[in-house]
Amino acid sequence: MRHKLTAIMATGLLCSLLGLAAGAADAPKGKITYQDQISGIFRSRCGSCHNPDKQKGGLNLDNYGGAMQGGGSGKVIEPGDAESSTLLMVVTHKEEPKMPPNSAKIPDAEIDLIREWIDGGALESSGSVAMVKAKPKFEFKLDPAAMGKPKGQPAMPEGLSTEPFIPSAKPGAVVAMAASPWAPLIAVAGHKQVLLYRTTDNHLMGVLPFPEGTINVLKFSRSGDLLLAGGGRGGQSGLAVAWDVKKGTRVFEVGKEYDVVLAADITPDQGQVALGGPGKIVRVYNTADGSLAFEMKKHTEWITAVEYSPDGVLLASGDRNNGLVVWEAKTGREYFDLRGHQAAITDVSWRLDSNVLASTGEDGTVRLWEMENGGNIKTFGAHGGGVAAVRFAKDGRLATAGRDRLVRVWDQNGGKQREFEAFGDLALEAAFTYDESRIIGADFAGEIRVWDLKDGRKLANLAVNPRPVAERLSRATQDLAVAKAEAEALAKQTGELRAVAQAKANRIGELQLKVGGADKTAAERAAVLAQSEAAAKAKQAVLDETLATTRAAEQIEASITAALQAAEKSVAGSGAAEKGALQALEAAKAATKKALADKQAHDPVLQKAAAALDAAANPQAADQASNELAKLVARSVELTQAVATAGQAQARAGQALEQAKQAKSTAPTLAADSRLKAKAAALAVQSAREKSNHAQQDRAAAEKSLTEARSLHQAAATALTAAKKETEVALAEKAAAEKAFADRKAALDAALARTKSLQAEANALAVEKNRSDAKPNLATTARPGA
């Protein structure tokens, strides 16, 4: 993100370039003071903008007090350290805004005078005593190029005391918790102390005393090297302190408030701390010397949340009157006023890229804001009754805790990814571990749970009120003895289960050989069965063919027999047929002769009638003769037709006689031929029947072989099934035995790990107790600069 920011420390800090004051360059050597040399430069170069009447950016350089006080963004002059003074940086054009604006630098001679004046203690007059800049109590400000994941191993506590600062019998509400961004470390606020737990094995690594009162906020620096705590006593005092995580020593204290600190954070470069509380003012302090850099006064209620963006450009703060403001981190200028929550703001968290801010409130919602225009890009209901905490993971997921006693994980679209088992009281805190493999939640009753983020299993509980070292040593020693006994018992049981599992594995090997043999036999029997089925099928085909041949031969034989019978019958009836044909011919001839006679007898009558017509004397006679002639003509036609018909009958009778004579002559030959065919057909039928009988015998033999092959194959298949079933049972028994072994082995590993952990804890506690016993008067609180 490229924010629309400037690094302005005071608007129009210096004014337009004016004429050089006469004699300034010729100032006498020796002490350089405000009255003698510097005031003239300020009046000539800056007087038009930074005078008592105008005071741009809240800065008045017209008098010594105003110059030393600085502007609305804090001090601009650091006596004794010109290079750390904002005033010198802007007039030399090393920092923005360059002064005078839109002009060249002031002359080098004047810059040198200002530098010598500041380095000389920023004297007001020749009689003034030089002021000395307070030296940092601890040099820890990071190079901006080195911010983020530290080189080498991330900071982890080394040899810190785990003796409770104030032992407590009952746990109290966990109102502050923070996870290191790079190490397996979680910080938990207890009663006037901070507890540091290693998240890989939930081991207490150190206790950091906070005798100043209640701790309300914990924040690791972005490098993970420092741990910041804010708190105090309500209505009395408040401050923020930071510890070196490795050494457990305090490296700075800032604030000295008149009321408790409720919210605080440290810049990514560790150079400043912002804090807020009931005073409704966000104050920013320099960590080097504890000085106040600037403050913001927009909030109208108690400030409940403060956090710097990961890139250090912005600062977000929220209050109890649902006010949510984003500020320019370097100047304290308002950047966005974010409106949307309907109740008190409870927490804020920045996404790793600094582009999105998450806020939560007692209205039960989580709101996501983009930093280009300050728009509310997502709002979703997270917890009924109110959300108490929110934290971004590196991958953009969010963890929340709420008054509904639940801790939940969300994606950035408000989709719930996981919900963990409800607490017995209000859930107050939630944090991802550095590698996001676990999530840790805490509630109002003081219960702290560690869950596996992947499957939601509860892995452990952490104590907010650990017992004294001596008690924990005694308990660890007792637990160690129990754990060793348990590990020994589990080792014995594991050995027995290993033997059982090995026996089952051996049995599986035997059964697998058995299954292999049965499978081979079944395959061989299957091959024989296939061959038998093929042979039976072939024999059936041969049988079907021979039966078809027999049926065809029988049909031929029947046809030839019928032909033979017809031939023999033809031989017997051929003479009678000839005689009948001869008689028919004679009858036809007689009929023809008679028809001709009738025709010849009729012809004279016809001629006579024709003559009568010719001779008719009158028409009447002619009509009568004509009618008679017509009748006779019709009779003549009939007689002519009868002659033709008789002639045709005679011709057919003659043909029939010729056919009968021919049949009579050929019938014996046809009968003899039919007898030969009938004999051949009978022989063919006999041969086909013999082949069918042989085929039926072969088929019966093939069916018998097939039945035997099927029986053998069934027996082999049954044996194979039984072997496989036995193997399955054995495999199930082996799996059960291996599971029992694995479970017991896991229990043994856990017991051994617990034994190792308890041994390490007991050893560490013993060393710590011996060290404490040897030095009973050793101070328990590390102070800044100690």
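Residues numbered from 1 in each chain as written. Predicted model: local features only at pLDDT ≥ 70, side-chain atom pairs only at ≥ 80, totals over all residues. Heavy atoms only, no water.

Peer 1: Help me out: how do you make sense of the nonpolar core in this one?
Peer 2: Generally speaking, soluble globular proteins have nonpolar side chains that are buried together. Ile38, Phe42, Ile77, Leu87, Leu88, Ile114 and Trp117 are the most contacted members of the largest nonpolar core, which totals 27 residues. Elements with a contribution of two residues or more to this core: helix H1 (34–46), helix H2 (64–69), helix H3 (86–91) and helix H4 (108–119). Ala183, Leu196, Leu218 and Val245 belong to the second-largest nonpolar core, a separate cluster that totals 22 residues. (Core = buried A, V, L, I, M, F, W, Y, C linked by side-chain atoms within 4.5 Å. Buried < 20%, exposed > 50% of the residue type's maximum accessible area, 1.4 Å probe, protein only. Helix = DSSP H or I, 4+ residues; strand = E, 2+ residues; numbered from the N terminus.)

Peer 1: Explain the packing of aromatic side chains to me, please; I cannot follow it from the model alone.
Peer 2: Aromatic rings considered in pairs are described by the distance between their centres and by the relative angle of their planes. Under the criterion given, the structure shown has eight aromatic pairs. Between phenylalanine 42 and tryptophan 117, the ring centres sit 6.2 Å apart and the planes meet at 80°, which makes this aromatic pair edge-to-face. Placement of phenylalanine 42 in helix H1 and of tryptophan 117 in helix H4 is noted, with a sequence separation of 75 residues between them. There is no split in this pair, since phenylalanine 42 and tryptophan 117 are both buried. Feature note: the residues Tyr34, Phe42, Tyr64 and Trp117 constitute an aromatic cluster, connected by ring pairs. In this structure, arginine 320 packs its charged tip against the face of tryptophan 302, placed 4.0 Å from the ring centre. Seen from the ring of tryptophan 182, lysine 394 lies directly overhead, with NZ or CZ sitting 5.0 Å from the centre. (Phe/Tyr/Trp six-rings, centres within 6.5 Å; stacked < 30°, edge-to-face > 60°. Lys NZ or Arg CZ within 6 Å of the ring centre and 35° of its normal.)

Peer 1: Help me out: how do you make sense of the pattern of salt bridges in this one?
Peer 2: Pairing between side chains becomes possible if they bear opposite charge and their charged atoms approach one another. Overall, the coordinates contain 47 salt bridges when judged by the stated rule. The salt bridge involving glutamate 334 is made with lysine 298; its shortest N-O contact spans 3.4 Å. Remark: lysine 298 occurs in the loop between strand E12 (292–296) and strand E13 (303–308) and glutamate 334 occurs in strand E16 (residues 334–337); sequence separation between them is 36 residues. Judged by its relative accessible area of 40%, glutamate 334 falls in the partly exposed class. In this structure, arginine 339 engages aspartate 337 in a salt bridge whose closest nitrogen and oxygen atoms are separated by 3.1 Å. The structure contains a network of salt bridges with shared partners spanning Glu83, Lys94, Asp112 and Arg115. (Salt bridge = Lys/Arg side-chain N within 4 Å of Asp/Glu carboxyl O.)

Peer 1: Mind showing me how you'd approach the pairing of E16 here?
Peer 2: Remember that side chains alternate between the two faces of the sheet whenever the strand is regular. Across three bridges, the pairing between strand E15 (residues 324–328) and E16 is antiparallel. Bridge assignment links valine 326 to a residue of E16, and that residue is phenylalanine 336. Once E15 ends, the chain turns through five residues before running back antiparallel as E16, passing glycine 332 with a positive phi of about 80°. (Pairing = 2+ DSSP bridges.)

Peer 1: What's the story with unusual backbone geometry in this structure? I'm lost.
Peer 2: The omega angle of the peptide bond from methionine 99 to proline 100 is -5°, so this bond is cis rather than trans. Along the chain, proline 100 falls in the loop between H3 and H4. Even without a glycine there, the phi angle at lysine 280 is positive, about 70°. With respect to the element layout, lysine 280 can be found in the loop between strand E10 (272–276) and strand E11 (282–286). Even without a glycine there, the phi angle at asparagine 322 is positive, about 55°.

Peer 1: I'm lost on H1 in this one. Help?
Peer 2: The α-helix advances 3.6 residues per turn, and as a result positions three or four apart in sequence lie on the same side. Taking 1.5 Å as the rise per residue, H1 with 13 residues should run 18 Å; its terminal C-alpha atoms sit only 14 Å apart, a clear shortfall. What H1 keeps buried is the set Tyr34, Gln37, Ile38, Ser39, Ile41, Phe42, Ser44, Arg45 and Cys46. (Expected span 1.5 Å × (residues − 1).)

Peer 1: It is not clear to me how the environment of phenylalanine 420 should be interpreted in this structure. Could you clarify?
Peer 2: Looking at where phenylalanine 420 falls in the secondary structure, it is placed in the loop between strand E24 (416–419) and strand E25 (427–432). Between the C-alpha atom of phenylalanine 420 and that of valine 409, which follows or precedes it by 11 residues, the distance is 8.7 Å. Leave out the neighbours within four places in its chain, and phenylalanine 420 touches Leu406, Val407, Val409, Ile439, Trp451, Asp452, Leu453 and Gly456. (Contact = heavy atoms within 4.5 Å.)

Peer 1: Just checking my understanding: could you explain helix H6 (residues 619–774) for this structure?
Peer 2: Here H6 contains 156 residues, and its C-alpha end-to-end distance of 189 Å is more than 12% below the 232 Å for a straight helix at 1.5 Å per residue. The sharpest bend along H6 measures roughly 40° and falls at threonine 666, with the proline proline 668 sitting one to four residues further on. (Bend = angle between axes of the 7 residues up to and from the residue.)

Peer 1: For this particular structure, what's the right way to read the environment of arginine 250?
Peer 2: In this fold, arginine 250 is placed in strand E8 (residues 250–257). For the pair arginine 250 and phenylalanine 294, spaced 44 residues apart in the sequence, the C-alpha separation amounts to 24 Å. Looking at arginine 250, its side chain comes within polar contact range of the main-chain oxygen of proline 209, at 3.2 Å. A polar contact of 3.0 Å, which involves the side chain of arginine 250, links it to the side chain of glutamate 253. (Polar contact = N/O pair within 3.5 Å; in protein donor to acceptor, adjacent residues only side chain to side chain.)

Peer 1: It is not clear to me how the packing of H1 against H4 should be interpreted in this structure. Could you clarify?
Peer 2: Geometry of a packed helix pair, given as the angle between the helix axes and the separation of the axes. Contact geometry for H1 and H4: axes closest at 11 Å, N-to-C directions at 130°. By the angle between their axes, H1 is oblique relative to H4. At the point where H1 passes H4, the crossing takes the left-handed sense. Across from Tyr34, Ile38, Ile41, Phe42 and Arg45 in H1, the residues of H4 making contact are Glu110, Leu113, Ile114 and Trp117. A class-by-class count of the residues in the contact of H1 with H4 yields seven nonpolar, no polar and two charged. (Axes fitted to C-alpha atoms, helices over the stretch in contact; angles between N-to-C directions. Parallel < 35°, antiparallel > 145°, perpendicular 65-115°, else oblique. Left-handed = near helix turned anticlockwise from the far one by under 90°. Nonpolar A, V, L, I, M, F, W, Y, C, P; charged D, E, K, R; others polar.)

Peer 1: What am I meant to see in the packing of helix H5 (residues 469–615) against H6 here?
Peer 2: Packing of H5 against H6 brings their axes to within 2 Å, and their N-to-C directions diverge by 180°. For the element pair H5 / H6, the angle class is roughly antiparallel. Across the contact of H5 with H6, the residue classes tally to 95 nonpolar, 27 polar and 40 charged.

Without other data, these values stay purely geometric and don't point to any function.
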